[in-house]
Structures are given as structure tokens and as C-alpha cells.
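Chains, contacts and geometry: an overview
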2 protein chains.
Amino acid sequence: MTVATQSIDQLCINAIRFLAIDGVEKAKSGHPGLPMGAAPMAYTLWDKFMRFNPKNPNWVNRDRFVLSAGHGSMLQYALMYLAGFDSVSLDDLKEFRQWKSKTPGHPENFVTPGVEVTTGPLGQGIANGVGLALAEAHLAARFNKPDATLFDHYTYVIMGDGCNMEGISGEAASIAGHWGLGKLIALYDDNHISIDGSTDVAFTEDVSARFEAYGWHVLHVEDGNTDTDAIAKAIEEAKAVTDKPTMIKVTTIIGYGSPNKGNTAGVHGAALGESEIELTRKELDWNYGPFEVPEDALSHFRKAVDRGASAEAEWNQTMATYKTKYADKAAELERLLSGELPANWADCLPTATPDVAGLATRKHSQATLNAIAPVLDELVGGSADLTHSNLTEIKVSGDFQKGAYENRNVHFGVREHAMGAICNAIALHGTNLIPYGATFLIFSDYMRNSIRLSALSETRVIWVMTHDSIALGEDGPTHQPIEQVASLRAIPNLYVYRPADVNETSGAYKVAVESKKTPTLLALTRQNLPNLEGSSIEKAEKGGYILSDSEGTPDIILIGTGSEVQLCVETATALRSEGKNVRVVSMPCVDRFEEQDAAYQESVLPASVSKRVAVEAGCTMSWYKYVGFEGAVVGVDTFGASAPGGIIMKEYGFTVENVLATAKKVLG
Amino acid sequence: MTVATQSIDQLCINAIRFLAIDGVEKAKSGHPGLPMGAAPMAYTLWDKFMRFNPKNPNWVNRDRFVLSAGHGSMLQYALMYLAGFDSVSLDDLKEFRQWKSKTPGHPENFVTPGVEVTTGPLGQGIANGVGLALAEAHLAARFNKPDATLFDHYTYVIMGDGCNMEGISGEAASIAGHWGLGKLIALYDDNHISIDGSTDVAFTEDVSARFEAYGWHVLHVEDGNTDTDAIAKAIEEAKAVTDKPTMIKVTTIIGYGSPNKGNTAGVHGAALGESEIELTRKELDWNYGPFEVPEDALSHFRKAVDRGASAEAEWNQTMATYKTKYADKAAELERLLSGELPANWADCLPTATPDVAGLATRKHSQATLNAIAPVLDELVGGSADLTHSNLTEIKVSGDFQKGAYENRNVHFGVREHAMGAICNAIALHGTNLIPYGATFLIFSDYMRNSIRLSALSETRVIWVMTHDSIALGEDGPTHQPIEQVASLRAIPNLYVYRPADVNETSGAYKVAVESKKTPTLLALTRQNLPNLEGSSIEKAEKGGYILSDSEGTPDIILIGTGSEVQLCVETATALRSEGKNVRVVSMPCVDRFEEQDAAYQESVLPASVSKRVAVEAGCTMSWYKYVGFEGAVVGVDTFGASAPGGIIMKEYGFTVENVLATAKKVLG
């Protein structure tokens, strides 16, 4: 091994750069440019500032790190290896982007312990950062005492030009500025290169001025390539401002050190190639082989292990004191951190029998949220400016606002996409908070990637989506979901519930709260629905069940969801009066039904009964699996229209007459 | 009728207010607040500035008006009625939000002539405004001559707080500032109320400073309720600045004039109610009955008809001169405006036989775009910062940039959502430009509402989406589409093409260019595919067709799309070698196949053949309609993984072995 001729800081920074270069080169795939340019800021942050315990990535008061520019994943993996995380070994770095490796193409929290959130889709990470900072602020306000600070971690984000171009980042930055989240510090890797080349081709706004307009504290490090003192000073200054989030623009050169590819889009997303790597070695005076880390650098970096152990031990001491002084709060916190729900928590869920006048399922949702909020202190959330339409306000708490972070009603503003990423991050804060986010179902389209990421990254988020069909009426086709329910069902690992009454709504919430690795989306009506004979929380949990049946083998099965279950019930009555055996299946959650064992599924939908009609005020696509060639679907495969909801439902065929006629056609 | 005691301007403004109040009151549904507050700016704009011809809403050089805050639709309908548009009569105002009326809940271009774009989903309209201004700038640069200005219209947008909170508006404003679109003027109705109440709860950023950071010219009218002179002065100043878009913040009171509901969220989205209307009449000194417009106001407003006729006549004169002086350019323009495509334009589409080495369909798309670009000058578009991955650059043109608006390659930056709305508006500019917008298929999730609006508003937009499956490889699950193709198919009036080779790619483009009221989305591979025996442009146009067949009735039908068609072909070969009759159906566009007549559909997929296997590297949901209970789908219903594409495809079962095994199981 060659003797180091560089300062220890320089050695560490170059170690990051070359691990990234080597990992990408070996994979022949990946993004070396960002790690090479951002290594100085990342090293400074991790070595001089970040409090974390590599040996316990779940330590609750760790500083959170988010690589919003997730394509630069080798930066994060290199940092994690160098700092001593068990989840990323040198061998793992050599397996970058390979089948089943711990070092996938983009950081994935569910694969690599120590990765906080899943990034890659640009802009999500900075919005996640806002959610993590929100969680910290909330828990600090709830639990900290003047003589015992349990929560005071920072959330650090590295974001790039791409993140800053995405609308979601603007939404998130605006609300973070409003909330004054002082422990959120974003380092903007200002390398003025994106995939299309110089940012001059499409991105010439004044980013710093924009963040100032959002109410952020803004700093600039002019030479982010070599001036680590300036980076450190900026982070110090950022920490000193406690009532505003800080954005530090750190101007760098993408692919720093590569003589021919540095400062070009060519180094963004492709391996450097052997000869350019050689030239880069010379340029950076790097005398080590591929994946070789100088011992000095490694041992310096690994001081993070002792530092982390001490920090956690100190925190444990604080917690011990806290327990003696504030036993009740400590118990509350320990229950929360344990992930255990209060015993019999679900007893609070509303139920009703058919004699109780039915309401819109959004109203059942409102009642349910307000029933569980006092029992589950971990419930935190709100709406994207539709609080009184989505009915998501919880009455036992006030508004989460600057200076009132202990409150649990969050006003996200008309920012669905950021709301999505913020909720995801609250769930991934590791403290078992249960976030919920609400909007009109149609605007799930505005936040679809965040909903997808909630599923991919295995979060417990509750998406409360109201106004779930053409029945919403006058607002018309821009506001009427058609394809939304089906296309949300198509997202893996997402429970899409479309409950039909109070019992099913409660069942959906029960599943939502108890499913720790699967988010749940509720599609709820604007209009009133009757409470059904035969529904229950337990049945709804199964996803699909027999709501009512005739004696003997059914001649036909009617399958409905949400507002259309009652149509099935009425149609069944009409058919039975004509002597037919009719089964009505309520299917509030297809995804859950699919998870039941084959025997249960067969008991509900016997293969021998091939005459089936599915009824749902939405696109038909997802129902053919259950009705086959001999069945039929009553649905909507065109856009909606503006008119009173009752008229639209009639015009679109959601009448007993039409369902009956369809059923008779199927019966032949 | 009472004699008017107000100035004519005041009378006109109050006429707008009360038509909005009365329309909403009669419907018992709608949004009176915005029209009441924004009436002064809207009146000033329409009466003193806007050039349009109510009797010919399609006059090509009309100023474009976009109500980005589309919920305030009664504002637009009132303006249109008062200005003399034939599409909105007084009776139509009385039918606001009713079944089949010309005055639906939100403005819909496909229902009401004179409405330029469909708004309602917040933020879309301001981004549409950017697209309309882009179209104007482009056509002006291409056709204007020093002595003959054919294109010099303005695009005016009224946007609200909600629009400004949405990320899409930030994206659009950033790129508009970059492009320096001087003829774009946005009036921001700063009424500091959104649905959740005061904007203080979630929106306290400095919007003006933010727009300045984007490079906009920013003005402020402090009293937008009464100071029409200040509004007029601001619009004058906006027009005087020709190298930047202008944002005029107009501070107003929502529901101005309503003593109890003005300046509250209560007036945003609900009828005022009879007694409050009476109080508002008193407050505004309005002595007219419901839907009654004082003659003075109507006759003043209706001067727009003569003004518009003169403006168009003048333009026609300019055009006549232009034709004599610049016959070639005039012919080019007339062809464009006629909507006729050049004769035999499709002859340029690439085709190939199987002996030609296959390429990725994104490369076929690149070749096709470059084949048609010289033939179709109307093709304008680009990528959201993935130009060299999506392969969307056209070589016959340079980059559309400030000072180079004649060019056709647009760099949207990493702003998928704004790209979507900008493309929609280019298509809706009414000049038959053909916009295309590109990104990775996975990021269709970032722009899904814009894609939906392209379908709803009946545009001819081409969405070029590459990297269409898990086969993209190492980037992993955040970048690998699973549910995207199926869920895009679920959008009504959208052709989703997933072509399998060069011929099918050309077929998809032929459909895309010739479908004037239906957008087309192409899902294209990253990886190479062989050119198929039996494919053709004509067959691809049908959406699904018999690619290869055995003699006699098929024992089984294999249905594939895109990269999986070859798997079906190879599986068929294996099955045939075992004596089975196998039909292979290539189904590049399910939507188009569904449009074919029943006889054609039956000829491809005979009801008598119920043994079917569909193969697609995406979620299975959309295929059960075609395989029924006896068939099977080889697809992916979980998230992808990070690894080389070939390995992933194998691990996920996209092998001849697996498809063969599945087919045999189906055959029984």
C-alpha cells in the first residue's frame, strides 16, 4: 500500500470518490458524477456533524440523512461502508446494482438498514426530509422537558438540480418554510449539469432567492470542491438558525477529478471507463487500487462507531433520567417506540346495524378518525386543503403549526405530492407515528409517485381519498374518478379499500392501522349510503365476503364495492323474487381478498358459479378477473359529466333496472 | 328595470358578480367567491385589453384566456355571455352544472366553444398558459415578417392561491421565466383564502419574490376590488415588458360584496343563499333581479363583438398581404391551419423485415420522429431532461430557447407535470401543432393528471415513454414500471401503444399523428428487440392482430405486447413442434383493438378458443378480460428489483421455459 500524501480529510473524500467510481465501473452501470462532486460536503457532514450510531441504525434520536438525488446512491453506500454500518460491507459495494445485493441502484430503506427513505424519483427526498423534520419537531414538542431533551436530531438532505426542478420540491420547501422547521438542513449540490447538459438549457432561475421567498435561511458555499472549511462553517451557521430551515447552495463540479468527463453530463449516469479512471487517479493523486481504501482514511472514518456509541449511550442516560422523573410520559413514549398498539384499541371503532341511518363513508371516516385519535396518539395527519370536504380534522388536537408542533392536525396546503412524501417520511421516521394524508380521490393523480413509494418502501400510511366516483356530481369530469380505483389497485403492496358502510369503513381503518408494512388507501363517498345487513369489521378485513346469500348453489353472484353494494343488494332482492338463487359479495378490498387462502376465496367465489356481475362506479378493467367470459361488469369506461350526482348515476347505468337487466343477460 | 346609478365599469363588474351568484344559487352548487373577487380584473382585461372575436372563437390570432382557477367557471361563462359568445346564452347560465349543459362545473374546451383549455385541477391552467405562449412565440418566429405580423397574441391567465401552491405551477413558471415568454401575463387573484380558511394556515411564502426568482416581471395591484385603473395600468406595464412573462398580484377579497361571507372560505365553494344574496345586492347597490343584466352593461360589454370583428378583419387583411408577398410561407401556414396533413406523409415511416437487425423500440421511435419531423413541420416537443435516453431530439431543428423560438426541440427540464400541461396547451392552441413530451414511463406517475387531461380535453399529444418495464435493469424498482401500462390503459380516450418492433412503432406514430382528438402514449423499450415476421404498420393500427398462426383452429392463443411478443413467438414454435395449433396475437394497443368491429375482434380472438395466455412484463390486471377463467397471464404483480435487465427478466419468469410451462398448464 502506498503511503498517504494527502490530508486525512482529503484522503477520506477521495476514498468516497473512488469507491463510487469503482462500484459503478464494476457494475458498468450507475452514476459516479454526483458522488465525485458531492464527496466533500458529504464527508464534512458525516464526519464533523452527523450524530448516528452505525452499529444501531435504528437509534431513535439519530440525525437523519436523505440523499434526495438518489441516483448518487454510491455516495451513500460508500459513506455507510466507511462509517462502519454492518449493512454495507466492501463486498456489498462490489455487488452494486446486482441481483439481491444490499446496494441496489437507488437507496432502498427496505433493503439496506441505515437507509432512511427510498429515493431516486427526483424531489421525493427533500419532501421526505420535511416529513422527517416534522416528526422530530412533533415528538420534541410532545416529549422533551426542560431538563431532558429526548428529540433534537437534525435532518440533512443532499439534493441536486433535478430535485430543484421538480414541483414536489417547491411544494415541500414552501410548507417547510411556513412551519419554520429549523432542524431541516438541505445541501443543494449546485453542479449546473443535468442529463440534458448544462442547466443553462432549462434551469436558469435563482434557486437561492426562491428558497428565501419560501422563508428559508439560505447560504452559499462557492467552492464545494475543496473548501471543506466553508462547508463546515455553513452547516454551523445553519444549525445556529433555529426557526427556519436552511438551504446551503454548495457549488461543485460534477465528476470532480475526471479530466475529460468532469463538468459534463457524460459523467452523470455512466461508468467512467478504465482509461478515464486512470486519468482521474492521476488528477486526484490517488495511488490505490480499485476498492482499496487507505487504512488512515478507514480508521478515521470509523471513529463514527465510537462516536455513535457514545452519543447513543448519552441519550440512553437521558432517557433513564426521564423515566424516573416523567414516568407517565416515558411509558407513553416507550409504548410508541415499541410499536405495540394499545390493548383492545380497535374496540373504539364505530359499528352500526342497518336500522341506523347511513351516512357518506367520508363521514364514517371522520367518525372513525375521531374515535381512534384519542386512543392512538401516534395518529398525525391532515388534508391538502380539503379538510372540511375530506372530513379529516381530529377534534382532540389543534393545528400543527410553527410554535405548536405538538398538535396533530396538519394543513398541507394544496400540495398533494409533497403531502405524499411527507407522510411517507413520517411513517419512516422509525417512531411508529401513523400519518394520514387526504385529498379528493381524483387528485391521487397528483401524488401518484408518492403513493407508489409508500407501497414500495413498506410504510404504514393511511391515504384518505374522498369523492370517489362520478356520484360526486356537479364538479364534473375533471373531478370525477373513473380509472383511479382500478389503477391504484394495480400498485403492488397497497390496500385499496372502497367501503360500503360504517362497518366496512371501520374494517378498513383496522387494517390500515395494523398493517405495518403496507399502506392503505380509502376511497370514500361524498354521498350517503345505507348501513348494510351482514357487514362487519371482521368480514371487511378479509377484503371480500358473502354479504347475503340464497339457499343452495347460487345461480348468480353479484359483486359490488362501496356505493354500488346497495345496488347489488336491491338487484338480488328483485332476482330472488323471481326465484333465483343470488349471492351478494361485498369486495371492499380486492388486494386483501387476494391474500386470503384459496379455500376462503373459493368459499366466496366458487369456481363452479361462473355467472357473475361486478358493479362499481369506475372503470371495469380490474373486474374481469372475477367475472370471466360469462360474466359482466357494470362500470364506467368513459369520462364523467357535470350534473347532480343522482342524475349522473342514473344516466351512467347505476340503477337497479340496469344491473337487473345485466344480471338477466348473464343468466341467459 | 331600474335606472343604473353606477359607472358603466361598475355596472359591468357587478353584472359579472351577480350572474355568478345567480348561476351558483340556481344550481345550488358551484363557486361564487372567486368570480365576485376577480370580476374587476376580469372585466378590465376583457373590456380594455383582450382581442378576440366572440363570433369566431377560433380566430387564430385571438388573445388566449385561461381561468387556471377553473372552479370559478361562472366567471368565465358570465364573461362569455356578456361579450357575446354564441356558445353561452343566458339560458345556458341558468343551466350551470346541469346534465348536458354548455356550462359545466369547470371550463371544458370540448363542450363550450371559446373555452381554450380544460381547467379545474389546480395549477394546470397556468402551465397551459405557458404552452399557449410557447405556441404563439413559435409561430411568430416561424411566420411573422417585418412588414406582416400574423402572430402577436397574448396569453392571459387568472390563477389563485391554490394554483400557486401546486408544484406544477412552480415548474411551469420556472421554465416560462427561462424562455422569457413576454406575451404571457398571469393575474394572481391574491385573496388569501383557500378551502381550509386563511392562507395563513399553510401558505405564507412571498409569491412575488418567488416569481422574481423565476425571472418574471412582477407587479402588484393593492386594491383589486375597486381600483380598475391600477389593474389597467399594471396590464399596460406587463405588455411593455416583452422579454419576460409578467405576474400581476392582484389583492382582492374573495366573495367581495357579501357582507357575511366575503373574505371567508364559506364563499369559496357554496351558494350564498337567498338572504345573503339580498344583503349582497344592498351592499353592491344592485337593483336587478336574478339573471337580469342592465341593458347599459350588456350593450357596453357587447361592443366586444364589433371590436372582435374589426380585429379579425384587420388580421385577414394582413394575411392577404402576406399571401401576396410570401406565397410559400403563406401556403405552409394555410396547410397548417387547415389541419390537413401533407399528402402521403406516412410514406416516410420506417419499416423493416425480420432480416434487419432489431433495435430498442425507443430507437425506432427516434428514427420515426426524425423521419416525420422534416415532413411534419408541426411536430414540436422534447423531453423532461432525458433527451438522450428517450431519444427524442429531432435533427432538422435546433433548440427552442429565448431568441430561438422557431426551433422545435424543447427542453422541459426535470418538470414532467408542467411538460404535460404545456403539451396539452400546444395541442389546444388551435393551430394544429403536434406536441410530444417524453420521460421514463415510470415518471408518467409525476404527470398523470396532465396525461388524463390530454385525454379528457381531446388533444393530439404524443407521449413518448421509454424504459417501459423491469427489463430496464439496474436502476431498480423506483424506476421500473409495473402498474403503469395497465393503469394508463384505464384512462378513457388514450391510446396506449406498446409496440414490439419497427413496424409497430411506425404504426403507433401513424395513429398518433392522425388521431386528432385522442392522445397516444408510446411505451418503449430500453433494450433491443427483433423485427418480427408478420408485423406491419396497418396491422399495428388495428391495435391487435394475428402475428402468426397454425393451420386449423388454434388450440391456444398467445397474446403478447412489446418486448414479450418475441417470447410468444418462440413459445409458439416450441408448442408447434409438439403438434399444437398455436396462434400468436400481437396486441400493441388494447384501446384500438377495442374500437374494431366485433367481427374483426372475433377473427383475432375467437370466442370458441378459450385457452389463452397473455404475456406482458407488467401488472396482469388488464389481461383477464382477454384470457378468462381458463387462461393465464404471465406478468408482474410485485415491484421490480435492481440488477441487469436480462437477469431480472429471467428471475421474473419472462423466459420461453416459463411461458411454455404456463401454456401447457392452460392446455391441460
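Small disclaimer: the values here were computed from a predicted structure and weren't measured. (Residues numbered from 1 in each chain as written. Chains lettered and ligands numbered in written order. Predicted model: local features only at pLDDT ≥ 70, side-chain atom pairs only at ≥ 80, totals over all residues. Heavy atoms only, no water.)

**Examining the overall build of chain A**
Across its full length, chain A holds 26 helices and 18 strands. Here the C-alpha radius of gyration of chain A, 27 Å, is about what a compact globule of 668 residues would show, namely 26 Å. Burial status across chain A gives 69% buried among its 668 residues. By element, 49% of the accessible surface of chain A is carried by carbon and sulfur atoms, the whole surface being about 19800 Å². The centroid of the 57 positive side-chain charges in chain A is displaced by 3 Å from the centroid of its 83 negative side-chain charges. (Helix = DSSP H or I, 4+ residues; strand = E, 2+ residues; numbered from the N terminus. Rg over C-alpha atoms; globule rule 2.2 N^0.38 Å. Buried < 20%, exposed > 50% of the residue type's maximum accessible area, 1.4 Å probe, protein only. Areas by Shrake-Rupley, 256 points an atom, 1.4 Å probe, with all protein chains shown as cover. Lys, Arg positive; Asp, Glu negative; His and termini not counted. Charge placed at Lys NZ, Arg CZ, Asp CG, Glu CD.)

**Brief notes about the sheet that holds strand β11 (residues 462-466) of chain B**
In any sheet, the strands associate via hydrogen bonds between backbone groups, in a parallel or an antiparallel arrangement. All names here are of chain B. The 6 strands lie next to each other as β9-β8-β10-β11-β13-β12, forming an open sheet whose pairing is parallel. Pairing within the sheet leaves two strands with one partner each, and these edge strands are β9 (409-411) and β12 (495-497). With strand direction ignored, the average angle separating the axes of adjacent strands in the sheet is 20°. Judged from the 5 bridges that link them, strand β10 (residues 434-440) and β11 form a sheet pairing that is parallel. Bridged to F440 within β11 is T466. Against the sheet, helix α14 (residues 361-372) touches β8 (379-383), β10, β11 and β13 (520-524), its axis set at about 135° to β13. (Pairing = 2+ DSSP bridges. Axes fitted to C-alpha atoms, helices over the stretch in contact; angles between N-to-C directions. Contact = heavy atoms within 4.5 Å.)

**Regarding the interface of chain A and chain B**
Facing the 100 residues of chain A at the interface are 100 residues of chain B. Buried area between chain A and chain B, both sides added, is near 8000 Å², and the carbon and sulfur share of it is 60%. The largest contributions to the chain A side of the interface with chain B come from W99, Y446 and R452 of chain A, which together make up 10% of the buried area. Linking chain A to chain B there are 6 salt bridges. Ionic pairing is found between R97 of chain B and D475 of chain A, a salt bridge with its closest N-O pair at 2.8 Å. A per-element tally of the side of chain A that touches chain B places helix α17 (residues 448-456) of chain A first, with 6 residues. Here the side of chain A that touches chain B is composed, by residue class, of 43 nonpolar, 34 polar and 23 charged. (Buried area = accessible area lost by both parts, 1.4 Å probe. Salt bridge = Lys/Arg side-chain N within 4 Å of Asp/Glu carboxyl O. Nonpolar A, V, L, I, M, F, W, Y, C, P; charged D, E, K, R; others polar.)

**Points about the pattern of salt bridges**
Residue and element names in this part refer to chain A. This structure, assessed with the given rule, holds 59 salt bridges over all chains. Between R51 and D152 there is a salt bridge, and its shortest N-O distance comes to 2.9 Å. Of the two residues, R51 sits in the loop between α2 (33-49) and β1 (64-67) while D152 sits in the loop between α5 (124-143) and β2 (155-160), which places them 101 residues apart along the sequence. A salt bridge links E541 to K510; the shortest N-O distance between them is 3.1 Å. Linking E541 in helix α20 (residues 537-541) with K510 in helix α19 (residues 502-514), this pair joins segments that are 31 residues apart in sequence. Since its relative accessible area comes to 16%, E541 is described here as buried.

**Regarding the packing of aromatic side chains**
Residue and element names in this part refer to chain B. The tally for this structure, following the rule as stated, stands at 42 aromatic pairs over all chains. Here the aromatic rings of W46 and F65 are separated by 5.2 Å at their centres, their planes lie at 80°, and the arrangement is edge-to-face. Of this pair, W46 sits in helix α2 (residues 33-49) while F65 sits in strand β1 (residues 64-67), and the two are 19 residues apart along the sequence. Exposure remark for W46: the relative accessible area of 3% places this residue in the buried category. With a relative accessible area of 4%, F65 lands in the buried category. (Phe/Tyr/Trp six-rings, centres within 6.5 Å; stacked < 30°, edge-to-face > 60°.)

**Observations regarding the nonpolar core**
If you look at the biggest cluster of nonpolar residues, it comprises 166 residues, and the most contacted ones within it are W179 and W216 of chain A together with W179 and W216 of chain B. Once residues within four sequence positions are removed from consideration, W179 of chain A is found in contact with V130, L134, F400, Q401, K402, Y405, V410, H411, F412 and I422 of chain A. Grouped together as the second largest cluster of nonpolar side chains are 108 residues, I482, M587, W623 and M649 of chain A included. (Core = buried A, V, L, I, M, F, W, Y, C linked by side-chain atoms within 4.5 Å.)

**A closer look at the side chain of S258 of chain B**
As for its placement among the helices and strands, S258 of chain B is situated in the loop between β7 (246-251) and α10 (274-283). Residues in contact with S258 of chain B, not counting those within four places in the same chain, are M36, L272, E276 and T280 of chain B.

**Notes on the relation of the copies chain A and chain B**
When chain A is fitted onto chain B, the two copies agree to an RMSD of 0.0 Å after a turn of 180° and an axial shift of 0.0 Å. This pairing of chains is accounted for by a two-fold axis. Across chain A, the rotation axis passes nearest the C-alpha of G167 of chain A, at a separation of 1.8 Å. Interface overlap between copies: 100% of the residues of chain A at the interface are likewise at the interface in chain B, consistent with a symmetric, same-surface contact. (Least-squares fit on C-alpha atoms with pLDDT ≥ 70 in both.)

**Digging into the confidence of the model for chain A**
Per-residue confidence for chain A gives a mean pLDDT of 97, with 99% of residues at or over 70. Among the scores for the predicted complex, ipTM is 0.98 and pTM is 0.98. (pLDDT = per-residue confidence, 0-100.)

**Observations regarding the environment of A425 of chain A**
All names here are of chain A. Position of A425 among the secondary structure elements: in helix α16 (residues 416-427). Given the relative accessible area of 0%, A425 is considered buried. Once residues within four sequence positions are removed from consideration, A425 is found in contact with N128, G131 and L132.

**Quick word on the side chain of R408 of chain A**
Residue and element names in this part refer to chain A. For R408, the position within the fold is in the loop between α15 (387-391) and β9 (409-411). What makes R408 buried here is its relative accessible area of 7%. A polar side-chain atom of R408 sits 3.5 Å from the main-chain carbonyl oxygen of D377. Within polar-contact distance, the side chain of R408 engages the backbone oxygen of L379 at 2.9 Å. (Polar contact = N/O pair within 3.5 Å; in protein donor to acceptor, adjacent residues only side chain to side chain.)

**What to know about the packing of α14 of chain B against helix α19 (residues 502-514) of chain B**
How two helices pack is summed up by the angle between their axes together with the distance between the axes. Residue and element names in this part refer to chain B. Where α14 meets α19, the closest approach of the two axes is 9 Å, and the angle between their N-to-C directions is 50°. Considering their axes alone, α14 and α19 lie oblique with respect to each other. As α14 packs across α19, the resulting crossing turns out to be right-handed. Packed against α14, whose contacting residues are T361, H364, S365, T368, L369 and I372, the element α19 presents V502, T505, S506, Y509 and V513 at the interface. Here the contact of α14 with α19 is composed, by residue class, of 5 nonpolar, 6 polar and no charged. (Parallel < 35°, antiparallel > 145°, perpendicular 65-115°, else oblique. Left-handed = near helix turned anticlockwise from the far one by under 90°.)

**Structural notes on unusual backbone geometry**
Residues and elements named next belong to chain B. In this model, N263 sits at a positive phi of 65°, which is unusual for a non-glycine residue. For N263, the location among the structural elements is in the loop between β7 and α10. The exposure class assigned to N263 is partly exposed, which follows from its relative accessible area of 39%.

**As for the pairing of β1 of chain B**
Residue and element names in this part refer to chain B. Where burial is concerned, the two faces of β1 agree: the one with R64 and V66 and the one with F65 and L67 are both buried. Judged from the 4 bridges that link them, β1 and strand β2 (residues 155-159) form a sheet pairing that is parallel. Counterpart to L67 in the pairing with β2 is I158.

**Quick word on α2 of chain A**
Residues and elements named next belong to chain A. Over its 17 residues, α2 runs 24 Å from end to end, which matches the ideal 24 Å to within 8%, given 1.5 Å per residue. For α2, the principal kink sits at A39 and spans about 55°; a proline, P40, occurs within the next four residues. Judged by how many residues are buried, α2 sits mostly within the fold: 16 of 17 residues are covered. (Expected span 1.5 Å × (residues − 1). Bend = angle between axes of the 7 residues up to and from the residue.)

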